[in-house]
Amino acid sequence: MIKTRFPVPLFIVISLLFSCHAGIGGMRGRHSNKVNTIDTIATAAAAQHFVETHTKRFKNFKVRRFQDFESKENYAVLIRSIADSLKIEKSFYKADFDHNGLTDMLVTGEDYRCLILVLLSFPDDSVFINPLTRRFFQDCIFPVVKSDGNIDLYYAKDPYGFAKISKPEMAMKTLTYKFGDFIEKNANPPHHKINRIEYQTEGCYGACPIFTLTLTGTGDSKFVARAFNFDEHSNDGKGEGEYATTLNSKHWNELVEILNYIDFPQLSDRYNVNWTDDQTSTLVVDYDDGKTKVIRDYGLLGTYGLQLLYHKLFEIRKNQNWIKIK
């Protein structure tokens, strides 16, 4: 059974199995792996078997080179052209992406569209599946695996319409594995003093958790649970209410480190996906004794770094000693 890395509204899980959100970043699955075989994989067929062995979630996924995609003719030509220009010539690449001393594998392929999966090996004989493709209806993204385990990810600036033109404008970001996920690499993160973090989510067409977190560096923090926080299938109000705690310093420090690493003041104030009925969140960060940054994100997919931060904030609801006060 695959474990979802982020809380996901049920209707989204059913409709698009690999697009994860509500803290969203990617979906990961953990599976028992009695023998770590990534080092021995030498063919696309072996890579296909490995993926099939470790998840039923992507049952229609076919490991393919970009050059062999079975998309519509014009679209396939475009995909092939971009892949060729980037010298992406294989359907799978190996590297130690998470720097734990074990070989991992990135595979390219098709489900009902382009899909990039990373299979991460861990010492306890388990494998985690982390899709780099995380948006509905997104056109292909093109990963170039570097010798240091980082990934130069090329993508169309318009991620939903590059096939409509013959030469889409491309952009690139370097992803690195940090804090337990792939995020944008930052060689020189700043060091802001974070005074307060507020995170609020709204509803969606489905069972999205609706809540507000108010977290402080002094530890005094609040959690207002409004709906779907304790039962993702029911909004009967059981357990919902106001909670207080002294926030665990380890978790606070991790949030601060992530915020600084992703250089939050330089991020956009607003992010939007191009579909409807999704969830919106608002992140408010008070920092440097008087400054405030507000990020409103419809779809919760603003950046890979923000997806990681949202996931950590969703986890705060579950990993603290919350005491109900109302």
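What counts and what doesn't
- Residues numbered from 1 in each chain as written.
- Predicted model: local features only at pLDDT ≥ 70, side-chain atom pairs only at ≥ 80, totals over all residues.
- Heavy atoms only, no water.
- Pairing = 2+ DSSP bridges.
- Helix = DSSP H or I, 4+ residues; strand = E, 2+ residues; numbered from the N terminus.
- Core = buried A, V, L, I, M, F, W, Y, C linked by side-chain atoms within 4.5 Å.
- Buried < 20%, exposed > 50% of the residue type's maximum accessible area, 1.4 Å probe, protein only.
- Contact = heavy atoms within 4.5 Å.
- Disulfide = S-S within 2.5 Å.
- Axes fitted to C-alpha atoms, helices over the stretch in contact; angles between N-to-C directions.

### What to know about the pairing of strand β7 (residues 142–145)
- Bridging between β7 and strand β8 (residues 151–156) involves 4 bridges; their strand directions are antiparallel. Bridge pairing links Val145 to Ile151 in β8.
- Count of turn residues in the β7/β8 antiparallel hairpin: 5 residues, of which Gly149 carries a positive phi of about 90°.

### Regarding the nonpolar core
- Judged by nonpolar contacts, the single largest core of 35 residues is most densely connected at Ile194, Ile197, Leu215, Leu283, Leu306 and Leu313.
- Those elements that place two or more of their residues in this core are β11 (194–201), β12 (210–216), β13 (220–227), α4 (249–261), β16 (280–287) and α5 (304–316).
- Considering every element that reaches this core, the biggest residue donor is α5, with 7 residues.
- Setting aside residues no more than four positions away along its own chain, Ile194 makes contact with Trp252, Val256, Leu259, Phe264, Val285, Asp286 and Tyr287.

### Structural notes on the state of the cysteines
- Summed over the entire model, instances satisfying the criterion amount to 2 disulfides.
- Each sulfur of the disulfide joining Cys114 and Cys140 lies 1.5 Å from the other. Highlighted residues: Cys114 in strand β5 (residues 114–122) and Cys140 in the loop between β6 (126–131) and β7, separated in sequence by 26 residues.
- In this model Cys204 forms its disulfide with Cys208; the gap between the sulfur atoms is 1.9 Å. Disulfide Cys204-Cys208: the torsion about the S-S bond is 95°, which places it as right-handed. Here the two residues Cys204 and Cys208 agree in accessibility, since each one is buried.
- Cysteine pairing for the protein, with bonded cysteines counted in sequence order: 1-2, 3-4.

### A closer look at the sheet that holds β16
- Reading across from one edge, β15-β17-β16-β11-β12-β13-β14-β18 is the order of the 8 strands in this open sheet, with mixed pairing throughout. A single partner strand is all that each edge strand has here, and the edge strands are β15 (270–272) and β18 (323–324).
- Here β12 runs beside β13; their pairing, made up of 5 bridges, is antiparallel. Residue Ile210 lies in a different strand from β13, and its bridge partner there is Ala227.
- Together, β11, β12 and β16 form the strand contacts of α4, whose direction differs from that of β11 by roughly 90°.

### Overview of the sheet that holds β7
- Strand order in the open sheet made by the 4 strands is β7-β8-β9-β10, with antiparallel pairing throughout. Bordering the open sheet on either side are β7 and β10 (181–184), each of which pairs with just one other strand. Looking at each pair of strands side by side, their axes are set apart by 35° on average, direction ignored.
- On top of the sheet, α5 reaches β8, β9 (170–178) and β10; it is set at about 135° to β10, its chief contact.

### As for the environment of Asn274
- As for its position among the elements, Asn274 is in the loop between β15 and β16.
- On the accessibility criterion, Asn274 (44% relative accessible area) is partly exposed.

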